[in-house]
Amino acid sequence: FCGQSELSGIKKDCRGSPVVDGSMRKSLENSDFDKELTRQDGRPEYAYEAGLYSRHQAKFATLNNTVRSQVVVASALDIEQEAARRKCTVLDVWMRGVTLAQLREFGAKVKAWYKQGSCPCKPPCKQGSCPCDRPWNQLLVREVVEHYIKPRNQSSGCSYMELVASGEQKPTVFLDEVFPGSFADLMACIEWYAEAQRLDDSVSFFATLLANRQDLRHELLFGPEAFREQRQRLSWEENRAFVVANCSALLTMCDPLVELTVRSNKMVTLQQFFEDAKLVFLGSKSGVLACTAPFECQAWEFGHFD
């Protein structure tokens, strides 16, 4: 991007390999702070990173403007426009995976849609019934479902996955989110996991909030082809077994509030993956923990999992 080596400015050992700490995180050769610059959150900026930005300011500005314009265009679509752009119909719920790239785009759209101090809901909700007046990191997953996903499900008559995918996408990672938990924390958890496992953008996740029709309390879903031939439909609980059977890894979000983590559905899912000797990972907003096998980077903890 800037004509710099990937390891430029990174602390290296005698063999030229990056030096990592116990959480497999790299560090800078020069950890001095810039005396004048600070980050948006008030923390001091590293002198090396400030210098890199200063030398390649034009390229960074071009990249930022490109990303910003794409997000603005995507978020400017109203619900009816998004519904009109429905890309596919996937009858088998267990084939409604979303790629890492699609998850990231979804997160960016939600953040652009959410504006602190103004109601993003259409039509505007009653005062006090939506999360508009709270900081971004306090927006809950269930509020995203209620005010962002449900209206799009209703207008399109399909799941959110079918709005963004061009066809079936078999998931490999089962994402067990916490609906009463922070949406920003969930997205941070996904990023920690993606970095620890060195995932590319095409890896597919199963996310209940995007795979199921959130506007239908009891959606009857098609099971595998054999069930469709018999013109049978299965409940989500019945289809869940097929989803678990087709995923090779579980990423379960752990909320700081114990009562939001120790829940029957989570315990059942954990038991199913443990019984099948599949990969199990616990995630949080600050890091991820491997339970059954180390990450691709050979660490058992990546970031800080507490």
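Residues numbered from 1 in each chain as written. Predicted model: local features only at pLDDT ≥ 70, side-chain atom pairs only at ≥ 80, totals over all residues. Heavy atoms only, no water.

### Considerations on the pattern of salt bridges
Line of reasoning, step 1. Evaluation of the coordinates by the stated rule reveals eight salt bridges.
Line of reasoning, step 2. Note that Glu105 and Lys109 form a salt bridge whose closest N and O atoms lie 3.9 Å from each other. One end of the pair is Glu105 and the other is Lys109, both in helix H4 (residues 100–113) and four residues apart, which spans about a single turn.
Line of reasoning, step 3. Residue Asp176 pairs with Lys266 through a salt bridge whose shortest N-O separation is 3.6 Å. (Salt bridge = Lys/Arg side-chain N within 4 Å of Asp/Glu carboxyl O. Helix = DSSP H or I, 4+ residues; strand = E, 2+ residues; numbered from the N terminus.)

### With respect to the packing of aromatic side chains
Line of reasoning, step 1. Enumeration over the complete set of coordinates arrives at 15 aromatic pairs.
Line of reasoning, step 2. Look at Tyr148 and Tyr160: their rings are 6.3 Å apart centre to centre, the planes differ by 45°, and that puts the pair in the tilted class. Residue Tyr148 is located in helix H5 (residues 141–156), and its partner Tyr160 is located in the loop between H5 and helix H6 (161–164); the two are separated by twelve residues in the primary sequence. The burial state of Tyr148 is the same as that of Tyr160; both residues are buried.
Line of reasoning, step 3. Through a chain of ring-to-ring contacts, three or more aromatic side chains come together here, namely Phe106, Trp113, Tyr114, Trp136, Tyr148, Tyr160 and Phe183.
Line of reasoning, step 4. Over the ring of Phe273 we find Lys278, and its NZ or CZ is 5.6 Å from the ring centre. (Phe/Tyr/Trp six-rings, centres within 6.5 Å; stacked < 30°, edge-to-face > 60°. Buried < 20%, exposed > 50% of the residue type's maximum accessible area, 1.4 Å probe, protein only. Lys NZ or Arg CZ within 6 Å of the ring centre and 35° of its normal.)

### Remarks on the nonpolar core
Line of reasoning, step 1. Among the nonpolar cores identified, the biggest contains 61 residues, and Phe106, Ile149, Tyr193, Leu210 and Phe295 are the most heavily contacted of them.
Line of reasoning, step 2. No other element matches helix H7 (residues 183–197), which puts nine residues into this core.
Line of reasoning, step 3. For Phe295, the contacting residues outside a window of four places in its chain are Tyr193, Ala196, Gln197, Phe281, Val288, Leu289, Ala290, Trp300, Glu301 and Phe302. (Core = buried A, V, L, I, M, F, W, Y, C linked by side-chain atoms within 4.5 Å. Contact = heavy atoms within 4.5 Å.)

### A few points about the pairing of strand S5 (residues 204–207)
Line of reasoning, step 1. By the alternation rule, side chains of S5 split into Ser204 and Phe206 and Phe205 and Ala207, which are all buried.
Line of reasoning, step 2. Relative to S5, strand S4 (residues 173–176) runs parallel, the two being bridged by three bridges. Paired with Phe174 across the strands is Phe206, a residue of S5.
Line of reasoning, step 3. Each parallel crossover has a hand, and for S4 linked through H7 to S5 it is right-handed. (Pairing = 2+ DSSP bridges. Right-handed = clockwise from strand over helix to strand, strands pointing away.)

### Remarks on the packing of H4 against H7
Line of reasoning, step 1. Relative to each other, H4 and H7 sit at 150°, their axes nearing to 11 Å. On the basis of the axis angle, H4 is roughly antiparallel to H7. Here H4 runs over H7; the crossing is left-handed. Here H4 contributes Leu100, Leu103, Arg104, Phe106, Gly107 and Val110 to the contact with H7, which in turn contributes Phe183, Met187, Ile190, Glu191 and Ala194.
Line of reasoning, step 2. Split by residue class, the contact of H4 with H7 holds eight nonpolar, one polar and two charged. (Axes fitted to C-alpha atoms, helices over the stretch in contact; angles between N-to-C directions. Parallel < 35°, antiparallel > 145°, perpendicular 65-115°, else oblique. Left-handed = near helix turned anticlockwise from the far one by under 90°. Nonpolar A, V, L, I, M, F, W, Y, C, P; charged D, E, K, R; others polar.)

### Let's talk about the sheet that holds strand S10 (residues 287–290)
Pairing between the strands of a sheet is mediated by backbone hydrogen bonds and can be parallel or antiparallel.
Line of reasoning, step 1. Taken together, the seven strands give an open sheet; going across it, the order is S3-S5-S4-S8-S9-S10-S11, and neighbouring strands pair in mixed fashion. Each edge of the open sheet is held by one strand with a lone partner, namely strand S3 (98–99) and strand S11 (301–303).
Line of reasoning, step 2. Of the pairings in the sheet, the one linking S4 to strand S8 (residues 249–253) comprises four bridges and is parallel in character. Residue Leu175 lies in a different strand from S8, and its bridge partner there is Leu251.
Line of reasoning, step 3. On the sheet, H7 packs against S4, S5, S8, strand S9 (279–283), S10 and S11 and is oriented at approximately 145° with respect to S8.
Line of reasoning, step 4. Lying on the sheet, helix H12 (residues 264–275) is in contact with S4, S8 and S9; it crosses S8 at an angle near 155°.

### Considerations on the packing of H4 against H5
Line of reasoning, step 1. In contact at an axis separation of 12 Å, H4 and H5 are set at 90° when each is read in the N-to-C sense. The orientation of H4 relative to H5 falls into the category roughly perpendicular. Of the residues in H5, those in contact with Phe106, Lys109, Val110 and Trp113 of H4 are Val144, His147, Tyr148 and Ile149.
Line of reasoning, step 2. Each residue belonging to the contact of H4 with H5 can be placed in one class, and the counts come to six nonpolar, one polar and one charged.

### Considering unusual backbone geometry
Line of reasoning, step 1. The phi dihedral of Ala277 falls on the positive side, at around 55°, and the residue is not glycine.
Line of reasoning, step 2. We classify Ala277 as exposed; its relative accessible area is 70%.
Line of reasoning, step 3. Despite not being glycine, Gln298 shows a phi value in the positive range, around 70°.
Line of reasoning, step 4. Mapped onto the fold, Gln298 is located in the loop between S10 and S11.

### Let's talk about the confidence of the model for the protein chain
It should be kept in mind that the predicted coordinates are not to be read in detail where pLDDT is low.
Line of reasoning, step 1. Summing up the model confidence of the protein chain, the mean pLDDT is 79 and the portion of residues at 70 or higher is 76%.
Line of reasoning, step 2. The low-confidence segment residues 226–232 (pLDDT under 50) makes eight contacts with residues lying over four places distant or belonging to another chain. (pLDDT = per-residue confidence, 0-100.)

### Side note on the side chain of Gln197
Line of reasoning, step 1. Note that Gln197 resides in helix H7.
Line of reasoning, step 2. Its relative accessible area of 11% is what places Gln197 among the buried residues.
Line of reasoning, step 3. If we ignore the near neighbours within four places in the chain, the residues touching Gln197 are Phe281, Phe295 and Glu296.

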